[in-house]
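Here is what each chain is made of, one letter per residue.
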Amino acid sequence: MFNFKPSQLAQPGILPDIDRPYGLPVFNSIADMLDSYTGDDAAYILYPQRVAARAEQFLAGFPGTSLYAVKANPHPAMLKILWSAGIRHFDVASVREIDLIQALSTDARLYLMHPVKSRKTIAYAYQSGVRDMAFDCLSELEKIIAETGRARDLNLHLRLAVPNGAAIMPLAGKFGADWDHAIECLVAARPLVKKLGITFHVGSQCLDPEAYRSTIKYVRALLDTAGIEIDTLDCGGGFPIQYPGMDVAGLETYFTTIQAALAEYGFSELEIFGEPGRALCAEGGSTLARVELRKGNDLYLNEGSFGSLFDAGRFAWKHETRRHRPVHASQQTWTPRTQDQQAGFRFFGPTCDSSDVMAGPFYLPDDIREGDWIEICNLGAYGQALATDFNGFQSETTVAILEDNSSCNPPLASSPATSRI
Ligand SMILES: Cc1ncc(COP(=O)(O)O)c(C=O)c1O
């Protein structure tokens, strides 16, 4: 569905590939986009420059290979932006994610890092050329060995159970081998694999870089006890971004902490991986939702917790928000109540379900009204990726915005992706 008048496209042209370099309509600003938007649904915004800047930061600073965790945002345009920025390695979990990345490029390297997979998925991955897989118990190891026909070219990564130290989204509990079982698994896997690795995840949006250091220290103690050497160490995801009310150290602090810990605990010579999801793409996307009705300080939107606002609904995340008033709407004759005064609002999503509520409060101009659009910031990760079509509400509109200053974050120092667009 192409819900736009053509006039405001950033690069009008005849060939679709020139108009839509990531397969998306491209606009200079949100104002331009809203001016030509004829659709009725919410819209998803991508900021290619910002995604490219984060990718370049990981490629330059992370002391190893960065695997993009595809689950964070599998939109083909996001994948193309990351690919153009130099990301070549992808952490996938399913057959569909494998297909998606292989459609992006046959040169992409895939890692099936989901610790529990169906037998069909394992077989499909191996036939598709995937040689790196995670496991967290002997039964999963047995499945991988059986479904790959006892292949001798496997790189297997044992997922360790680690406590949730400082992550806003804990991942502890579901996956991972504890100390004793980890030793059993390492001993059993060593003779069966080409490369043996350890992988861990300190939890998503991890606010303390020291969580990586203490886990690396734990890995050293585990290996010393097991009397086993490994070939690879995967530090997982968890790298945070700045959300409102969270005290977040810069990514460089995480990189230097990890690098120092790898040296301190004797892992400098190993092949090192990281699996960033959120930190690569959260700031590179937002959701534009329209106000359908205002009741006091409750705003009824065309997007909700069954759409890209899952975290705002289920975990009461208070995302940063910006009001955008379409030009044609501001030409109406009546004067807004107050221009700049902010008030706290609660959001309701478009479905008939009473649980479709996002408590907030979200701070917006007090005069917000029906027809205004709200940009809900930094939803490039785990936003659009989690959206459903429940109750017939879904958005098929994703656009790229080139003018990064109109996003929710401080301007970028440079514009790395502009030249590639
Ligand atoms: C195996 C694995 N790797 C990487 C990630 C990405 O984590 P994050 O988005 O916190 O960087 C996840 C997220 O849950 C994951 O499960």
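No experiment lies behind these values; they were computed from the predicted model shown.

Draft legend 1. A look at unusual backbone geometry. Here the amide bond leading from Gly360 into Pro361 is cis, since omega sits at 0 degrees, within 30 degrees of zero. Looking at where Pro361 falls in the secondary structure, it is placed in strand S17 (residues 357-365). A positive phi angle, close to 55 degrees, is found at Arg150, a residue other than glycine. Summarising the element assignment, Arg150 is placed in the loop between helix H7 (138-147) and strand S7 (155-159). On the basis of neighbour count, Arg150 is assigned to the exposed category, with 10 C-beta atoms found within 10 Å. The phi dihedral of Tyr382 is positive, around 55 degrees, even though this residue is not glycine. Following the sequence through the fold, Tyr382 ends up in the loop between strand S18 (373-376) and strand S19 (398-401).

Draft legend 2. Spatial organisation of the pairing of strand S4 (residues 89-92). Here strand S3 (residues 65-69) runs beside S4; their pairing, made up of 3 bridges, is parallel. Its bridge partner lying in S4, Leu67 is registered against His89. In terms of handedness, the path from S3 via helix H4 (residues 76-85) over to S4 forms a crossover that is right-handed. As judged from the 4 bridges shared by S4 and strand S5 (residues 109-112), these two strands associate in the parallel manner. Across the sheet, Asp91 pairs through a bridge with Tyr111, a residue of S5.

Draft legend 3. The arrangement of the sheet that holds S3 in detail. An order of S3-S4-S5-S6-S7-S9-S11-S12 is seen for the 8 strands of this closed barrel, with the pairing classed as parallel. Each adjacent strand pair in this sheet contributes to an overall mean axis angle of 25 degrees, direction not counted. Bridge analysis of S7 against strand S9 (residues 195-199) gives 5 bridges, and the strand direction is parallel. The partner of Leu158 across the bridge, within S9, is Ile198. Of the strands in this sheet, S4 and S5 touch helix H5 (residues 95-104), which is tilted by about 160 degrees from S4.

Draft legend 4. Layout of the environment of Ile258. As for its placement among the helices and strands, Ile258 is situated in helix H10 (residues 251-264). Assessed through the 25 C-beta atoms surrounding it within 10 Å, Ile258 is described here as buried. Along the chain, Ile258 and Ile216 lie 42 residues apart, while their C-alpha atoms are 8.2 Å from each other. Not counting residues up to four positions away in its chain, the partners in contact with Ile258 are Pro63, Tyr212 and Cys235.

Draft legend 5. Quick peek at the site of the ligand. Lining the immediate surroundings of the ligand are 17 residues, of which Ala69, Ser204, Gly237, Gly277 and Arg278 lie closest. Class assignment for the residues of the shell around the ligand results in 8 nonpolar, 6 polar and 3 charged.

Criteria and thresholds
Residues numbered from 1 in each chain as written. Predicted model: local features only at pLDDT ≥ 70, side-chain atom pairs only at ≥ 80, totals over all residues. Helix = DSSP H or I, 4+ residues; strand = E, 2+ residues; numbered from the N terminus. Buried ≥ 20, exposed ≤ 12 C-beta atoms within 10 Å, placed from the backbone. Pairing = 2+ DSSP bridges. Right-handed = clockwise from strand over helix to strand, strands pointing away. Axes fitted to C-alpha atoms, helices over the stretch in contact; angles between N-to-C directions. Contact = placed C-beta atoms within 7 Å. Near = placed C-beta within 6 Å. Nonpolar A, V, L, I, M, F, W, Y, C, P; charged D, E, K, R; others polar.

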